[in-house]
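Secondary and tertiary structure notes
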Amino acid sequence: MAATTSGKIVQNVFVSHSFQQNTQLFASQSQGRRDYNFAPYPRNSNLPSPLGKLAWTASSMQLRTLYKPKNHFSIQRNFHCNASSSASATALPYLDKTDFLKLQNGSDIRGVAIDGVEGEKVNLTEPVAEAIGTAFAAWLIEKKKADPSQHLRVSIGYDTRISAQLLQNAISRGLAGAGLEFVHYGLASTPAMFNSTLTKDEAFLCPADGSIMITASHLPFNRNGFKFFTNAGGLGKADIKDILERAADIYNQFTPESLKNSEKKALLSFKKVDYMIAYTSDLVKAVRKASGNIEKPLEGFHIVVDAGNGAGGFFAEKVLKPLGARTSGSQFLEPDGMFPNHIPNPEDKAAMKAITQAVLDNKADLGIIFDTDVDRSAAVDFTGREFNRNRLIALMAAIVLEEHPGTTIVTDSVTSDGLTTFIEKKLGGRHHRFKRGYKNVIDEAIRLNSIGEESHLAIETSGHGALKENHWLDDGAYLMVKILNKLASARASGKGGGSKVLTDLIEGLQEPAFAIELRLKINQFHPDLKEGSFREYGEDVLKQLEKSIGSDPSLHKAPVNHEGIRVSGFGGWFLLRLSLHDPVLPLNIEAPSNDDAVKLGHAVLAAVKDFGGLDTSALKKFVGAS
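Residues numbered from 1 in each chain as written. Predicted model: local features only at pLDDT ≥ 70, side-chain atom pairs only at ≥ 80, totals over all residues. Heavy atoms only, no water.

**A few points about the overall build of the protein chain**
Summing up its helical and strand segments, the protein chain has 18 helices and 27 strands in all. Burial status across the protein chain gives 58% buried among its 626 residues. Put simply, of all contacts in the protein chain between residues at least 6 apart along the chain, 72% involve residues at least 24 apart. When the accessible surface of the protein chain is summed, it comes to about 25,300 Å², and 50% of that surface belongs to carbon and sulfur atoms. (Helix = DSSP H or I, 4+ residues; strand = E, 2+ residues; numbered from the N terminus. Buried < 20%, exposed > 50% of the residue type's maximum accessible area, 1.4 Å probe, protein only. Contact = heavy atoms within 4.5 Å. Areas by Shrake-Rupley, 256 points an atom, 1.4 Å probe, with all protein chains shown as cover.)

**Considering the confidence of the model for the protein chain**
Any segment with low pLDDT has predicted coordinates that should not be analysed in fine detail. Overall, the predicted model of the protein chain reaches an average pLDDT of 86, with 85% of residues at or above 70. Counting contacts from residues 1–50, a segment whose pLDDT is below 50, to residues more than four positions away or on other chains yields 123 contacts. Here residues 52–89 is modelled with pLDDT under 50, and outside its nearest four sequence neighbours on either side it reaches 125 contacts, counting other chains as well. (pLDDT = per-residue confidence, 0-100.)

**Considerations on the sheet that holds strand S18 (residues 386–387)**
The sheet built from four strands is open, its strands ordered S15-S16-S17-S18 with mixed pairing. Every other strand in the sheet has two partners, leaving strand S15 (303–306) and S18 as the edge strands with one partner each. Taken together, the two bridges between strand S17 (residues 377–381) and S18 define a ladder with antiparallel strand orientation. Each bridged residue has a counterpart across the sheet, and for Val 380 the counterpart in S18 is Glu 386. Sheet contacts for helix H14 (residues 476–492): S15, strand S16 (366–370) and S17; angle to S16, the most-contacted strand, approximately 170°. (Pairing = 2+ DSSP bridges. Axes fitted to C-alpha atoms, helices over the stretch in contact; angles between N-to-C directions.)

**Quick notes on helix H6 (residues 237–251)**
Given a rise of 1.5 Å per residue, 15 residues ought to cover 21 Å, and the 21 Å separating the end C-alpha atoms of H6 matches this to within 8%. Listed as buried for H6 are Ile 240, Ile 243, Leu 244, Arg 246, Ala 247, Ala 248, Ile 250 and Tyr 251. Packing partners of the buried residues in H6 comprise helix H2 (97–101), strand S7 (104–105), strand S8 (108–112), helix H3 (126–144) and strand S12 (223–230). (Expected span 1.5 Å × (residues − 1).)

**Concerning the pattern of salt bridges**
Summed over the entire model, instances satisfying the criterion amount to 33 salt bridges. One salt bridge connects Lys 482 with Glu 403, and the closest N-O pair in it is separated by 3.0 Å. Here Glu 403 lies in helix H11 (residues 389–403) and Lys 482 lies in helix H14, a separation of 79 residues in the sequence. For Lys 482, a relative accessible area of 3% puts it in the buried group. In this structure Glu 403 comes out as partly exposed when scored by relative accessible area, which is 41%. (Salt bridge = Lys/Arg side-chain N within 4 Å of Asp/Glu carboxyl O.)

**Structural notes on the environment of Asp 239**
For Asp 239, the position within the fold is in helix H6. Separated by 11 residues in sequence, Asp 239 and Phe 228 place their C-alpha atoms 9.5 Å apart. In this structure the side chain of Asp 239 is engaged in a polar contact, spanning 3.1 Å, whose partner is the backbone nitrogen of Gly 236. (Polar contact = N/O pair within 3.5 Å; in protein donor to acceptor, adjacent residues only side chain to side chain.)

**Regarding the nonpolar core**
Residues Ile 132, Phe 136, Phe 226, Phe 315 and Ile 483 are the most contacted members of the largest nonpolar core, which totals 114 residues. Two domains each donate at least three residues to this core, and these are domain 1 (97–273) and domain 2 (279–506). Not counting chain neighbours up to four residues away, the residues in contact with Phe 315 comprise Leu 283, Val 305, Leu 320, Ile 368, Phe 370, Ala 477, Met 480, Val 481 and Leu 484. Formed by 34 residues, the second largest nonpolar core is a distinct cluster that contains Ile 522, Phe 534, Leu 545 and Val 623. (Core = buried A, V, L, I, M, F, W, Y, C linked by side-chain atoms within 4.5 Å. Domains from an automatic or database assignment.)

**Quick notes on the packing of aromatic side chains**
A full pass over the atoms with the stated rule returns 13 aromatic pairs. On the basis of an interplanar angle of 20° and a centroid distance of 5.8 Å, the ring pair of Phe 514 and Phe 622 is categorised as stacked. One end of the pair, Phe 514, is in strand S23 (residues 514–521); the other, Phe 622, is in helix H18 (residues 617–623), and 108 residues separate them in sequence. Clustering of aromatic rings is evident, with ring pairs tying together Phe 136, Trp 139, Phe 226 and Phe 228. One cation-aromatic arrangement involves Arg 491 over Phe 301; the distance from NZ or CZ to the ring centre is 4.1 Å. (Phe/Tyr/Trp six-rings, centres within 6.5 Å; stacked < 30°, edge-to-face > 60°. Lys NZ or Arg CZ within 6 Å of the ring centre and 35° of its normal.)

**Focus on the pairing of S16**
In terms of burial, S16 is largely enclosed, as five of its five residues are buried. Of the two faces of S16, both are covered, the one formed by Leu 366, Ile 368 and Phe 370 as well as the one formed by Gly 367 and Ile 369. In the sheet, S15 pairs with S16 via four bridges, with the strands oriented parallel. Looking at S16, one finds that Val 305 is bridged to Ile 368. Pairing geometry for S16 and S17, over five bridges, is antiparallel. Its bridge partner being in S17, Phe 370 is matched across the sheet by Ser 377. Hairpin connection between S16 and S17: a loop of six residues separates the two successive antiparallel strands, and Val 374 in this loop has a positive phi of roughly 70°.

Okay, structure coming up:
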């Protein structure tokens, strides 16, 4: 049954006797392994099964779909999902807390959801996802101090990954089993999911008390995961650990009866909302406001979008076109979780080459590229010059400092010295270099504001960026809206020149002639670790580097540094730090020349050469050492 409210669609789907008959018919037609359609539901479609039940046999463990939803961007592939099960499973394999905690990736949950990559075993199964859904429900009830009569509501969305619906349905069963309401948004962006906890519009069943985005950012097709939000922002590392520990306990208490009960609860009432209507409408309004409320402030601009077959295809049709921009030449807007054209990642060279070529081929004013779930972005000007990494930060800093003179710009640890000079000497702001990790950067900006130091922008070189004016929402689309605002306001004030107005904003940014990142892996099985953790070993490496630097007069350790060891010398700098999640010590070097970079590399190699558990082969190759 569909109800239309002010042009906004909310679908309430109730399970009927005829639906059950249809699923039985589909089941009788399914034999063993077959083609699966994992593509998301189309908007306003008749949903043959709102929570598609899956079945598997213990002998073959082969997935059988009980329905095959019709849609406009069908992805047909053969996949074998190891031990993926639902309420009809016989017995679940035992998993302990360690198994669940392996799914933590900082403030996200990520795992292997689909078989198909050799050596990567599926560990984000449907029962695991269901347990995580129940655990999030318990966490949210505690956080909101809710009583049983409140019926908290959770919104759920996903990017274009082929395992999206399986995990959506599983996590929905977990929420329903815990007594929470859930609303499916279908194909959505991560920023939109957070925004749904802030929007106040009952027509869209908002605000949601909590929100879940199903995504694994730019990782390969077989991976997937979850990001969680409340109106206070994204959950932190401690919250994710808490949820996973709860999920481990819940998982091992599952019984066939409890799984069936949660499935029944989820199927009894199902709601779907096209929330992207509200989200994109806000983006359009923001640009119009910046131009002085002109209806089509981008009329005459030619802007191409590259969505990388992720969730960002909406930007061309739902944001740029209503603002009057011409979008011909936009590419890879069609959702395809196999990412057949390039990795949807603004840091990837092939991805940036693709959008640059599209701009040049179409003689466009501007190019915009997004990652899979649209929380990261980058741009390209009319000459093909990229606005990513340090340049994107410089551009956003210039825009923000025009609006908030003297404000502090918080970045991650690998930004260049030239960027610091640009922000502080030319723009008159303050550059606060902090740790890697978008959540770390955002939280640090919030902390600075809480102690009286004004900060309006937190941004990573990866393309993650958040603004105080936008509730510190990590939103790649909103970053691009700020750039569009600049174009629109320049046009409204009589200034032409297309995207040259953007290029002019970063004039004077000193960029390194040479930059490289090397990853020095720690062998966790090397006897040097003496059964200690890779983190302890990595810290020992950093201590030795710091000691070595102190005896070299040509090198100078940064007086203020929040992550790793940062050292200047030979006209450049290097940073050696311990990865947030992996047994790796990334080494970043920037210098005026390759020779100067090699000198810095030699200094690092001399300091760490006696650590047998550290693979320095990449560094040796770079400096030419045998």
